[in-house]
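# Structural characterization, general
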Amino acid sequence: MTSRTAAVELHNVVRRYGSFTALDGVTFSIESEESVALVGPNGAGKTTTIECLLGLATPQAGSVRLFGEPPRLTRQAHAVGVLLADAGFPPSAPVGALLDALGRMRGVDTAPMARRFGLTQLARTRFETLSLGQRQRVRLAIALAGTPELIIADEPSTALDLEARATLATVLEDHRSRGGALLLATHDLAEASTLADRVIVLSHGRLIADATPREIRGRSGFARVSATLREQPDADTLDRYGAAVLEIERDRTTFTATDADGLAHELLHLGATALEIAPVGLDEAIRRLLNLQRDPTTEEHP
Ligand SMILES: Nc1ncnc2c1ncn2[C@@H]1O[C@H](COP(=O)(O)OP(=O)(O)OP(=O)(O)O)[C@@H](O)[C@H]1O
């Protein structure tokens, strides 16, 4: 297992546009079977990272590997499903012809995925006349067709209605349970929480966090745990979960904790009842990380 080649490897990647540095020494890897969400503000470098990974942009420094090789999508198209925000399809091509031609290029049959995304009725419609959500369905049907070992998707749920979002979620879950790897650039942190084993946060072209959603939420220090207690946990226990007592009101104690789930388990062992956790959301946790990055002196306390 450990000797298997990583699906994706970036090492110290630097990408500049003139004097502007879009990626500034980015290093991470994605093992096969791993799902990773790439998040960060507009302009952070998510799309540039994907372009470097696919060989569409060439880094000025550092190295990029897809399944242990320099990226060459023409050879890897069958194994790698790619969804880019701007796929550049010929505007007057009918949907059916696009699905056929790009499926052939990838060496996959796009028909089943086109059916799942409700494109059958649109086979003769020109791409340029489709709505934004319909265009995204076409891109998805091409990117997700077959059984890719790796899916790289830039904002896949953009413009999708509820039904298409549900289809996308099911397809990505199926891909994960087949053991496929996933890199998902997204602003939808609920999607990131559900789908990703790890979240990578980029800010101004630098990687500022690479951790599980739970670890990132834990780092925020904002989670609260309340419980009715018979006995208080000792100082060591509080330390272990980065916890502190916020208030005690009769038999009810409220803590702040960096590892709220861990503390909650411990309290249950001590006989706690009516336990409530108000976890900080991933969005709030990431906002906090980004704020700290911007100005470390403005750190607030929960
Ligand atoms: N071809 C280019 N020429 C000049 N600058 C570029 C080029 N491509 C990207 N950039 C710059 O690199 C930075 C990173 O852009 P990128 O598209 O990777 O961000 P992103 O994280 O994907 O943003 P968003 O969330 O808005 O999609 C931006 O400041 C962008 O203006």
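Residues numbered from 1 in each chain as written. Predicted model: local features only at pLDDT ≥ 70, side-chain atom pairs only at ≥ 80, totals over all residues.

Under an unreviewed UniProt entry, the name given to the chain is ABC transporter related, and the organism recorded is Acidimicrobium ferrooxidans.

## Some words on the overall build of the chain
A count of helical and extended segments in the chain gives 11 helices and 13 strands. Expressed as lengths along the three principal axes of its C-alpha atoms, the size of the chain is roughly 70 × 45 × 40 Å. Split into buried and exposed, the 302 residues of the chain put 38% on the buried side. Here the analysis covers contacts within the chain between residues at least 6 apart in sequence; of these, 68% occur between residues at least 24 apart. (Helix = DSSP H or I, 4+ residues; strand = E, 2+ residues; numbered from the N terminus. Buried ≥ 20, exposed ≤ 12 C-beta atoms within 10 Å, placed from the backbone. Contact = placed C-beta atoms within 7 Å.)

## A closer look at the environment of D154
Of note, D154 is situated in strand β6 (residues 150-154). Once the C-alpha coordinates of D154 and T47 are considered, the two residues, 107 residues apart in sequence, prove to be 6.9 Å apart.

## Examining the sheet that holds strand β9 (residues 206-211)
In space, the six strands of this open sheet follow the order β5-β6-β7-β3-β8-β9, with mixed pairing throughout. Unpaired on one side and paired on the other, β5 (80-83) and β9 mark the two borders of the sheet. For this sheet the average axis-to-axis angle between neighbouring strands, irrespective of direction, equals 15 degrees. The pairing of strand β8 (residues 198-203) with β9 spans five bridges and is classified as antiparallel. (Pairing = 2+ DSSP bridges. Axes fitted to C-alpha atoms, helices over the stretch in contact; angles between N-to-C directions.)

## Points about the domain arrangement of the chain
Domains assigned within the chain are domain 1 (8-212) and domain 2 (216-298). The distance between the C-alpha centroids of domain 1 and domain 2 comes to 36 Å. Contact residues are listed per partner, giving 11 residues for domain 1 and seven residues for domain 2. Those elements giving two or more residues to the side of domain 1 that touches domain 2 turn out to be α7 (189-195), β8 and β9. A class-by-class count of the residues in the side of domain 1 that touches domain 2 yields nine nonpolar, two polar and no charged. (Domains from an automatic or database assignment. Nonpolar A, V, L, I, M, F, W, Y, C, P; charged D, E, K, R; others polar.)

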